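# Close look at the chain arrangement
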Amino acid sequence: MIKLNSSWLTPLQGEFDSLYMGELRRFLVAEKAAGKQIFPPGGEWFHALDATPLDQVRVVILGQDPYHGPGQAHGLCFSVRPGVRIPPSLVNIYKELRDDLGIAPATHGNLEAWANQGVLLLNAVLTVEAHRAASHQGKGWERFTDAVIRLVNDRDQPAVFILWGSYAQRKAAFVDRTRHLVLKSPHPSPLSAHNGFFGSKPFSQTNRFLEDHGMAPIDWQLPAAAE
């Protein structure tokens, strides 16, 4: 059962009714019929949009693909389910959060608390085949998530776009920087984090921008136990 907050339904209806989304649905049905395991489960494909209503988006963090290991992905980029080992990129995000705001790293990798405060944790591609990274790229999800980003970009309310890595930066290149804050740095992956991600201070910059525009800052401190 697909779960999607109603605030997104009307503005995205044209996408859901489009030919490319029909082709994407047929692809996913065929993959399941062939016995392939798809992550996250169907009810969580749109979890980022369900957890963060359109009118509440204050920050956008862009990822690329869901995690492709069993039990990891649940529809929020960089986030994993409670009880799952914290992935290396998220370990580095926590290190930067500690250095930026003095917040001790969480003992879990569930970022639901951020999503519930208006941080849209959006992957460019919303599904993946088990153990096959990038297996659902080029099937239509990118066009859909472009439409999601445009909806946030086109609102009157300013937002912060946190773009880690060249992929995210290319995807959101059209964001209007005269109204929104765009923060760019290398990806937090262990392969690139030391090339400028560490020390980029995205969390304090985000909160400063939000407060300067009359909005409440994000409480980046995650709960002690995953929700």
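Note that the structure is a prediction, hence the values are computed from the model and not measured.

Glancing now at the packing of helix α1 (residues 6–16) against helix α6 (residues 141–154). Running from N to C, α1 and α6 cross one another at 145 degrees; their axes reach a closest spacing of 10 Å. The way α1 lies across α6 gives a crossing that is right-handed. Taken together, the residues of α6 that come into contact with α1 (itself represented by W8, P11, L12, E15 and F16) are R143, F144, A147, V148, L151 and V152. When its residues are assigned to classes, the contact of α1 with α6 shows nine nonpolar, no polar and two charged.

Our next topic: the nonpolar core. Nonpolar side chains tend to gather and get buried jointly when the protein is soluble and globular. W8, L120, W141 and F144 are the most contacted members of the largest nonpolar core, which totals 73 residues. With six residues, α6 is the largest single contributor of residues to this core. Once residues lying within four places of it in the same chain are set aside, the contact partners of L120 are W8, A48, L49, T52, V57, V59, V60, I61, V148 and V152.

Another point: the layout of surface pockets. Estimated volume of the largest pocket: approximately 390 Å³. Along the wall of the largest pocket there are 22 residues; nearest its centre are Q64, D65, F78, N123 and H187. Elements with a contribution of two residues or more to the lining of the largest pocket: β2 (59–63) and α7 (166–171). Take the lining of the largest pocket: its biggest share by element is three residues, from α7. For the second largest pocket, the calculated volume is near 230 Å³. Every residue lining the second largest pocket is counted, 13 residues in all, and those nearest its centre are I2, F16, R25, W45 and F46. Those elements that provide at least two residues to the lining of the second largest pocket are α1 and α2 (19–33). For the lining of the second largest pocket, the element with the most residues is α2, which contributes six residues.

What counts as what
Residues numbered from 1 in each chain as written. Predicted model: local features only at pLDDT ≥ 70, side-chain atom pairs only at ≥ 80, totals over all residues. Heavy atoms only, no water. Axes fitted to C-alpha atoms, helices over the stretch in contact; angles between N-to-C directions. Helix = DSSP H or I, 4+ residues; strand = E, 2+ residues; numbered from the N terminus. Left-handed = near helix turned anticlockwise from the far one by under 90°. Contact = heavy atoms within 4.5 Å. Nonpolar A, V, L, I, M, F, W, Y, C, P; charged D, E, K, R; others polar. Core = buried A, V, L, I, M, F, W, Y, C linked by side-chain atoms within 4.5 Å. Buried < 20%, exposed > 50% of the residue type's maximum accessible area, 1.4 Å probe, protein only. 1 Å grid on protein atoms, 1.4 Å probe; cavity = no way out; pocket = protein on both sides within 12 Å on 5 of 7 lines; lining within 4 Å. Points joined across faces, edges and corners; volume = space filled by probe spheres on them.

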